[in-house]
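# Descriptive analysis of the structure
Here is how the chains run, residue by residue.
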There are 2 protein chains.
Amino acid sequence: MTYCVGMNLDDGLVFLSDSRTNAGVDNINTFRKMNVFERPGERVMLLMTSGNLAITQTVVTLLKEQMASHDAKLSLWNVPNMFEAARVVGDAMREVYRRDAEALQHFGVDFSANVVLGGQIFGESPRLFQVYSAGNFIESTEETPYFQIGETKYGKPIIDRVLRPETPLPVAAKCALISMDSTIRSNLSVGLPLDLVVVRTNECKVAIHQKVDAEDPYFRMIRSRWGEALREAFVHLPEPDWQ
Amino acid sequence: MTYCVGMNLDDGLVFLSDSRTNAGVDNINTFRKMNVFERPGERVMLLMTSGNLAITQTVVTLLKEQMASHDAKLSLWNVPNMFEAARVVGDAMREVYRRDAEALQHFGVDFSANVVLGGQIFGESPRLFQVYSAGNFIESTEETPYFQIGETKYGKPIIDRVLRPETPLPVAAKCALISMDSTIRSNLSVGLPLDLVVVRTNECKVAIHQKVDAEDPYFRMIRSRWGEALREAFVHLPEPDWQ
């Protein structure tokens, strides 16, 4: 399983992914799910994946082949805006579907993959998309300035309660890490290390790429103090007096 | 959808269920999911259901027919202990499976139903079970003194963080209501009114059965103050200083 969250805020973009991939709990491996494509000052794109690893790796490989090729009419390097970038990712998903879906079906395996794609191309504002297995996609809005993929439910309540478009980037990063902590505590198949990436509006480059492992002092602080703070808040609420 | 939680604590049992049932978001109805079977001082049993309403209603009806019949060898009224009660519920589930599963399959409908069954029969300690669609079941333990059915994930983190076997009953009820609040906020298809039932150890009867609707002052307090407390705890954690 996987947990990734991307946030689109007034000040920029925040991305957080875990790195655990599993095929049953006795076969757990670590793969990076955060892909960074960057030409500083001109364009920056972050792509996070969840679902069947064989599918998502092939999608990313196709995208990289297009980017490396001089003949590719459209690739993430030459699309004029982020909407077209989302279409390129969706088309890559459909290409992999055409190759693999039937063979997978013979083994009872669903064609399942999800992508969060965000970034900024100079001249536009930063944008954030979620691309589905079918290659279609949606864009974030003021009302819902974030997307989650993978094991999304445990970590959703805290985001819904605190995230707004005007939330500053460090506060949003804190929110993403607390959301990840709640997910890791409740689901064995989501795990460290994490990749946290921050992009500031109009810089068109990665401002921060922090790899967070079990020794990271800030994440250790979050893990211990958030649980404590929750328990304290809980204790301070009165009990019901129904008799 | 549904959210129900049952807790087995040193001081007794706590049960909380919502009452919303839906077949698509344009067809949402209210059905009670909390069934109370009680002969005060001798036995008390609570049964909460999730899944396909046609299945769970039939299971409950079968159980009631057995209880009303003078010929039934085994019913919830005459089983000698709660383990046998769980078997009676599992057998009723299998009976409905034999009748309905094939017809449901023709319509692509999974045979899906889950039951939380808890209670006390005089002479035993209070016990808590989860019965699956297949009629098999598990019992709660010291390490996991609760079961959830339905839309379980949003409301799980707070239970994992605060519930222990020694938690007093009013505190456990508060925990169940906060867990329900997180679920209702994140999932449209879980809704008020709620049924909250408390059974005290060795009383073998319902101590409290509170119907909680949108006007309930305690639940209103929980809804507003828990969100506030979370946001305050969030604000008080420092932000990362990665640069």
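In this text, all values refer to a predicted model and were calculated from it rather than measured experimentally.

All names here are of chain A. Together, D10, D11, E142, E143 and E166 line one region of the surface with negative charge. You can see E143 is positioned in the loop between strand 9 (137-139) and strand 10 (146-150). Residue class for E143 comes out exposed when judged on its relative accessible area of 67%.

A word on the confidence of the model for chain A. Residue and element names in this part refer to chain A. In the predicted model, chain A carries a mean pLDDT of 92, and the fraction of residues at 70 or more is 96%. No element of chain A has a lower mean pLDDT than strand 4 (residues 28-30), at 64, and none a higher one than strand 8 (residues 127-131), at 98. Both scores are given for the predicted complex: the pTM is 0.86, the ipTM 0.86.

This part covers the relation of the copies chain B and chain A. After a rotation of 180° and a shift along the axis of 0.0 Å, chain B superposes on chain A with an RMSD of 0.0 Å. What the rotation and shift describe, once combined, is the action of a two-fold rotation axis. Minimal C-alpha separation from the rotation axis in chain B is found for B:Y154, amounting to 2.5 Å. When the interface residues of chain B are mapped onto chain A, 100% of them again fall at the interface, so both copies present the same face.

All names here are of chain A. Along the chain, the position of I121 falls in strand 7 (residues 113-121). Here I121 falls in the buried class, since its relative accessible area comes to 3%. Sequence separation between I121 and R43 is 78 residues, and the spatial gap between their C-alpha atoms is 4.3 Å.

Our next topic: the sheet that holds strand 10 (residues 146-150) of chain B. All names here are of chain B. Read across the sheet, five strands follow the order 10-1-2-11-12 without closing on themselves; strand pairing throughout is antiparallel. Looking at which strands have only one partner, the edges of the open sheet turn out to be strand 10 and strand 12 (206-212). On average, each strand axis in the sheet is tilted by 10° relative to the strand beside it, whichever way the strands run. The pairing of strand 1 (residues 3-9) with strand 10 spans five bridges and is classified as antiparallel. Each bridged residue has a counterpart across the sheet, and for C4 the counterpart in strand 10 is I149.

Looking now at the packing of helix 1 (residues 53-68) of chain B against helix 2 (residues 82-106) of chain B. Residue and element names in this part refer to chain B. Remark: helix 1 packs on helix 2, axes separated minimally by 9 Å, with the N-to-C direction vectors making an angle of 135°. Relative to helix 2, helix 1 is oriented oblique. In the crossing of helix 1 with helix 2, the sense of the turn from one axis to the other is right-handed. Contacts between helix 1 and helix 2 involve I55, T58, V59, L62, L63 and Q66 from the first element and V88, V89, A92, M93, E95, V96, R99 and L104 from the second.

Once that is clear, we can look at the nonpolar core. With 78 residues, the main nonpolar core has A:M7 and B:M7 as its most contacted residues. Those residues in contact with A:M7 that sit more than four places away from it in its chain are A:G12, A:L13, A:V14, A:L128, A:P145, A:Y146, A:I159, A:L163, A:A172, A:C175 and A:A176.

Evaluated as defined, the whole model comprises eight aromatic pairs over all chains. Judged by centre distance (5.3 Å) and plane angle (70°), the rings of A:F83 and A:F137 are edge-to-face. Residue A:F83 is located in helix 2 (residues 82-106), and its partner A:F137 is located in strand 9; the two are separated by 54 residues in the primary sequence. On the accessibility criterion, A:F83 (35% relative accessible area) is partly exposed. With a centroid separation of 4.9 Å and an interplanar angle of 80°, the aromatic rings of A:Y97 and A:F111 are classed as edge-to-face. Placement of A:Y97 in helix 2 and of A:F111 in the loop between helix 2 and strand 7 is noted, with a sequence separation of 14 residues between them. The cationic tip of A:K174 hangs over the ring face of B:F234; the distance from NZ or CZ to the ring centre is 4.4 Å. We note B:R39 situated over the ring of B:W77; from NZ or CZ to the ring centre the distance is 4.3 Å.

With that settled, the discussion passes to the sheet that holds strand 6 (residues 43-51) of chain B. Residues and elements named next belong to chain B. Pairing is antiparallel across the open sheet formed by five strands, whose spatial order is 5-6-7-8-9. With partners counted over all chains shown, the strands left at the sheet margins are strand 5 (34-39) and strand 9 (137-139), one partner each. Neighbouring strand axes in the sheet, compared pairwise and without regard to direction, differ in orientation by 15° on average. Of the strand pairs in this sheet, strand 7 (residues 113-121) and strand 8 (residues 127-131) are connected by five bridges, and their pairing is antiparallel. Among the inter-strand pairings, G118 is bridged to a residue of strand 8, identified as L128. Sheet strands in contact with helix 1 are strand 5, strand 6 and strand 7, and its direction is about 160° off that of strand 6.

Rules of the game
- Residues numbered from 1 in each chain as written.
- Chains lettered and ligands numbered in written order.
- Predicted model: local features only at pLDDT ≥ 70, side-chain atom pairs only at ≥ 80, totals over all residues.
- Heavy atoms only, no water.
- Patch = residues over 30% accessible without salt bridge, like charges linked within 9 Å, V, L, I, M, F, W, Y side chains within 5 Å.
- Areas by Shrake-Rupley, 256 points an atom, 1.4 Å probe, with all protein chains shown as cover.
- Salt bridge = Lys/Arg side-chain N within 4 Å of Asp/Glu carboxyl O.
- Lys, Arg positive; Asp, Glu negative; His and termini not counted.
- Charge placed at Lys NZ, Arg CZ, Asp CG, Glu CD.
- Helix = DSSP H or I, 4+ residues; strand = E, 2+ residues; numbered from the N terminus.
- Buried < 20%, exposed > 50% of the residue type's maximum accessible area, 1.4 Å probe, protein only.
- pLDDT = per-residue confidence, 0-100.
- Least-squares fit on C-alpha atoms with pLDDT ≥ 70 in both.
- Contact = heavy atoms within 4.5 Å.
- Pairing = 2+ DSSP bridges.
- Axes fitted to C-alpha atoms, helices over the stretch in contact; angles between N-to-C directions.
- Parallel < 35°, antiparallel > 145°, perpendicular 65-115°, else oblique.
- Left-handed = near helix turned anticlockwise from the far one by under 90°.
- Core = buried A, V, L, I, M, F, W, Y, C linked by side-chain atoms within 4.5 Å.
- Phe/Tyr/Trp six-rings, centres within 6.5 Å; stacked < 30°, edge-to-face > 60°.
- Lys NZ or Arg CZ within 6 Å of the ring centre and 35° of its normal.

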